[in-house]
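If you want the building blocks of each chain, they are given just below.
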Amino acid sequence: MSRRAVSLFAVTVIAIMAAAPFWAAAFTVTLLNYIGVYTLVVIGIVLLTGVAGLTSFGQAAFVGIGAYATAWLTTVHAASPWLGLLFALALTGVAAALIGAVTLRLGGHFLPLATIAWGLSIFFLFGNMEALGRNNGLTGVPPIAIGSISLEPTAAIYYLIWIVVLLAMIAVANLLDSRQGRAIRSLRGGAVMVGSLGISAFRIRLVTFTIAALLAGISGWLYAHMSRFVSPAPFGVRMGIEYLFMAILGGSGHIMGAVVGAALLTLAKNALQDVLPYFSRNGGQLEVIVFAIIYVLALQFARGGVMPFALRYLPRREKPPIAQAAPLPKRSMPQRGTPLLVVERLAKRFGGLEAVRQVGFEIRAGEIVGLIGPNGAGKSTVFNLITGSLASDAGTIMFLGKDITRVGPLRIARAGIARTFQHVRIRASMSLLDNVLLGTYLRTRAGVFRSIARLDRAEERRARFEAWLQLKRVGLGANPHDLAGNLPLGQQRILEIARALAADPALIVLDEPAAGLSRPEKIALADLLRALCDEDITVLLVEHDMEFVMGIVDRIVVMDFGVKLVEGTPAAVRADPQVQEAYLGSVA
Amino acid sequence: MTPDIALILGIDGIATGSIYVMVGLGLVLIFSVTRVIFVPFGDIVAFSALTLASLQLGRLPGTVYLVASLAVVACVVVSIHYWRQGQPQRIGRGLVGYGVLPLIPAAIAWLCAGTSLPEWAQIPLTVALVLPIAPLIERIALRPIADASVLLLLIVSVALTFGLSGLGLLFFGPEGFRTKPLTSEIFRFGAVTVTSQTLLMVGSAAVFGLLLFLFFERSFSGKALRATAINRLGARIVGIRPATTGTLAFLLASLLGAIAGILIGPVTTMYYDSGFILGLKAFVGAIIGGLLSYPGTVVGALLVGLLESFASFWNSALKEVVVFGLLIPVLLARSLALGQADEEDAEIDG
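Residues numbered from 1 in each chain as written. Chains lettered and ligands numbered in written order. Predicted model: local features only at pLDDT ≥ 70, side-chain atom pairs only at ≥ 80, totals over all residues.

(A) Examining the overall build of chain A more closely. Scanning chain A from N- to C-terminus turns up 24 helices and 14 strands. Overall size of chain A, expressed as C-alpha extent along the three principal axes, is 90 × 55 × 50 Å. Taking all 588 residues of chain A together, 51% fall into the buried category. Here the analysis covers contacts within chain A between residues at least 6 apart in sequence; of these, 75% occur between residues at least 24 apart. (Helix = DSSP H or I, 4+ residues; strand = E, 2+ residues; numbered from the N terminus. Buried ≥ 20, exposed ≤ 12 C-beta atoms within 10 Å, placed from the backbone. Contact = placed C-beta atoms within 7 Å.)

Have a look at this one:
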């Protein structure tokens, strides 16, 4: 399909949808209302599960909190439904923040299990609270009114529901294309890389979780005033898994997939309710069985859902060009030759193994220092202690006069240390530009609300330009919108350097940057590191490739068996008998 | 609360806890071998109790139809699998394993329908009827994705739970049943009375807990089973077949589930969907043990039983909220104990 055909198709669909109350039967409009209400929840799951990789079976409970909050306020206290909306949002927001604060540190499959637990707890709470009418629920929920216009008719609330859905989709799309959205997208694949850029994975998880819950809360508010009645039944774990399946069916990483999934499942359910009674008196139970079969088959054969399939037939959206923009603010670099990183008596043991013993060295601003040693010498441990991935047992690490021992990767990143990884940690499904943009996180400010309202564009242009400059600088500027996963491994290491540079560090710590590079690429890398040195950026590299190290560093620290062997200029180190013995074995 | 009441609640809690122990052990057994968090396991327990109730009433248990339909589907799945693998000669064996074997007890029950079986035969027949359900489900829905992430297996397993409860309603109907007590002695120790039923429950849990612990911690085959879960490829390389060990785990666990069902039948009225909550509570216990430790599961499941018992004295309506609410701090402690390992997050579409 051409772009024009797609636009035409989209306009037609929107027109048909907008006119639905005029051409469709009341029952169809009701069905569309339900699809809209479900879509809101599923958009949250797309964000939470599809994008951020956090699986929740409990979203239905948040819908319930929203629905019960407004139903209680508008029936028991006869308040306006709009107050009910505020109350519903406040309550779901607080509940999500509390639940999230306790559970979002859980790793692996423990988090989804926890969602079943709190999902059930909240569900049982609804059914057992006297004020909420126990299992009978609350009846007589008033319809929403805008001024004097009552939204009681199915056709009237239809517009409200779908306008909210549309706004939610735009909001989430805006969010994903922003500083915070990139952080959300980077959550999948582990928190270590994210943390090394000064992004708190836990905070981003909590924000994502709360946004998803708020969308569910709005859905609950609409549901309560649409059906005019709430009872515990639609807020159980079974509905929770149906929401999750809507997201998976639609294609869990795509916002449009939320509508597609919600529509498909709702329509299929409706169709089954018409057909199944012909086969059995107990249509209801057959429906559950048929759905279980559909779920299992879908998960076995089509885990990607509908959207990836549909996208193949749609033209690629063109990426906005990267425009010239004012540079992001830069830090003032320390005076050349002043002590930058001072490591003293550093020690780390793993059980009985003393990986690092009494290691101390100093790096001065503007130097390139190499940390070398045979396998198992403790280089990587020292590296991880400096960058905060490991906590030391003893000793101190001072950076720019501040103690950064055991403060954790987030504060180390903020202090001005950027790093790369021995096992490359990039986000393969994000573009080169987006990967590097992650590095600018600490240099930019835009929060969730500014991103959703698109008030972050000026800053975003500056960040994009900065990231592109860094890409060009490392020699990857040709195709900034290509997926990072398509780069060969050696180039992925270079991409990590660009990401580290985008953070405007005072010290950049590189873990085997030359591994997997061809000879010309190594020469280019050496030139790059020397250029950094000219800009007063200090470089510490851990490297195996002797020729590469000897050619560019000012000084070398040699480690063996967890202790520092010698320290000095490349020539001195090369001549040292201890080093020769460590590398080549003793001369008999 | 007087000490007497506390004592009664305590004994009650330990009795219920014993059932959770057996179900929890089954869950851990399945998880530690196949990495499947088998949420429908509670349904096996409920179906076992309902099967025995039907046999005692001289009716044909719904299990017969359940097993028959699962066996037919499994046969189709197995045939397609071997056909596509280009090994049609293995279809025959597959059909015997997944078609003929599970149908033998079903056929016996079908032939005996209407006649009242002697009591000594009812329990073994119940166990034999219930035993194939979980392995058949595993073959149909879980084996084809055995190499997928724990998360995907969990999602499928949650979906299966709802499907199974639908099948339960279809084959067992909506009414609840209570089976005849197996024993009815009452022992008095001072102010405390303990029924022989309670002793039976606690005793069975103790025996099975001990057996599983010994098997997995002390025997070679047990260690082989555990190796499969840790690294399927590695296990395959050293000659352990993950498919076989998986089936074995599901069979062993089903045995536990069937016995738990027989033991709980006389004390609680069981419905077709009682299994879900029962399974989840056992699950809370298993998670307290980290989903991997048998002794830990025993302690955890007993704790859940006690907590439930005391919570229902305090506020019977909110006891479920308390039990599931307990899971969250437990999970948190578990997760922190595991440390901040930077595991690659599991992907649904991965």
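(B) Structural view of the packing of helix α3 (residues 26-51) of chain A against helix α11 (residues 237-250) of chain A. Residues and elements named next belong to chain A. Interaxial distance between α3 and α11 falls to 9 Å at its minimum, and their mutual angle equals 70 degrees. Judged by the inter-axis angle, α3 sits roughly perpendicular to α11. Counted together, Tyr38, Val41, Val42, Ile45, Val46, Thr49 and Gly50 of α3 and Tyr243, Leu244, Met246, Ala247 and Gly250 of α11 form the full contact between these two elements. (Axes fitted to C-alpha atoms, helices over the stretch in contact; angles between N-to-C directions. Parallel < 35°, antiparallel > 145°, perpendicular 65-115°, else oblique.)

(C) Highlighting the confidence of the model for chain B. Residues and elements named next belong to chain B. Summarising the model, chain B shows a mean pLDDT of 84, and 95% of its residues fall at 70 or more. Counted against residues more than four places away or in other chains, residues 340-350, with its pLDDT under 50, gives 28 contacts. Confidence metrics for the complex model read pTM 0.89 and ipTM 0.82. (pLDDT = per-residue confidence, 0-100.)

(D) Layout of the interface of chain B and chain A. Contact residues are listed per partner, giving 44 residues for chain B and 43 residues for chain A. For the side of chain B that touches chain A, the secondary-structure elements that each account for two or more residues are α7 (150-172), α12 (274-288) and α14 (319-337) of chain B. The element that contributes the greatest number of residues to the side of chain B that touches chain A is α7 of chain B, accounting for 16 residues. When the residues that make up the side of chain B that touches chain A are grouped by side-chain class, the tally is 31 nonpolar, 5 polar and 8 charged. (Nonpolar A, V, L, I, M, F, W, Y, C, P; charged D, E, K, R; others polar.)

(E) Representation of the sheet that holds strand β7 (residues 368-372) of chain A in the model. All names here are of chain A. Ordered in space as β10-β11-β12-β7-β13-β14, the 6 strands form an open sheet in which the pairing is mixed. Two strands close off the open sheet at either side, each with one partner strand: β10 (417-419) and β14 (563-568). Each strand axis lies, on average, 20 degrees off the axis of its neighbour in the sheet, ignoring direction. Of the pairings in the sheet, the one linking strand β11 (residues 507-511) to strand β12 (residues 538-542) comprises 5 bridges and is parallel in character. Pairing of Leu510 across the sheet is with Leu541, part of β12. Strands in contact with helix α15 (residues 379-387) are β7, β10, β11, β12 and β13 (555-560); relative to β11, the strand with the most contacts, it is inclined by about 145 degrees. Of the strands in this sheet, β13 and β14 are in contact with helix α24 (residues 577-584), which crosses β14 at around 125 degrees. (Pairing = 2+ DSSP bridges.)

(F) Region of interest: the sheet that holds strand β9 (residues 402-403) of chain A. Residues and elements named next belong to chain A. Here we have 4 strands laid out as an open sheet, ordered β6-β5-β8-β9, and antiparallel in their pairing. Two strands bound the open sheet, and with one partner strand each, they are β6 (353-364) and β9. In this structure, strand β8 (residues 394-399) lies alongside β9, joined through 2 bridges in antiparallel fashion. Looking across to β9, one finds that Met398 is bridged to Asp403. Where α15 meets the sheet, it contacts β5 (339-350), β6 and β8, and its direction lies at approximately 60 degrees from that of β6.

(G) Looking closely at the environment of Ile65 of chain A. Residue and element names in this part refer to chain A. Counting through the fold element by element, Ile65 comes out in helix α4 (residues 59-76). On the basis of neighbour counts, which here come to 25 C-beta atoms within 10 Å, the residue Ile65 falls in the buried class. Once residues within four sequence positions are removed from consideration, Ile65 is found in contact with Leu91, Thr92, Ala95, Ile122, Gly217 and Gly220.

(H) A look at the environment of Leu292 of chain B. All names here are of chain B. Its location among the elements puts Leu292 in the loop between α12 and α13 (294-315). Residue Leu292 is classed as partly exposed on the basis of its C-beta count, with 14 C-beta atoms lying within 10 Å. In sequence terms Leu292 and Ile133 are 159 residues apart; their C-alpha atoms lie 23 Å from each other. Setting aside residues no more than four positions away along its own chain, Leu292 makes contact with Val28 and Ser32.

(I) Focus on the packing of α3 of chain A against helix α12 (residues 255-275) of chain A. Residue and element names in this part refer to chain A. Taken N-terminus to C-terminus, the directions of α3 and α12 make an angle of 135 degrees; their axes are 8 Å apart at the nearest point. The angle between α3 and α12 places the two elements in the oblique class. The handedness of the crossing between α3 and α12 is right-handed. Contact with α3, carried on its side by Leu31, Tyr34, Ile35, Tyr38, Thr39, Val42, Ile43 and Val46, involves Ile255, Gly257, Ala258, Val259, Gly261, Ala262, Ala263, Thr266 and Asn270 of α12 and no other residues of that element. Along the lines of polarity and charge, the residues of the contact of α3 with α12 split into 12 nonpolar, 5 polar and no charged. (Left-handed = near helix turned anticlockwise from the far one by under 90°.)

(J) Summary view of the pairing of β12 of chain A. Residues and elements named next belong to chain A. For β12, a buried count of 5 out of 5 residues is recorded, marking the element as mostly surrounded by other parts of the structure. Neither face of β12 is left uncovered, since the one carrying Thr538, Leu540 and Val542 and the one carrying Val539 and Leu541 both have all their residues buried. Here β7 runs beside β12; their pairing, made up of 4 bridges, is parallel. Among the inter-strand pairings, Leu371 is bridged to a residue of β12, identified as Val542.

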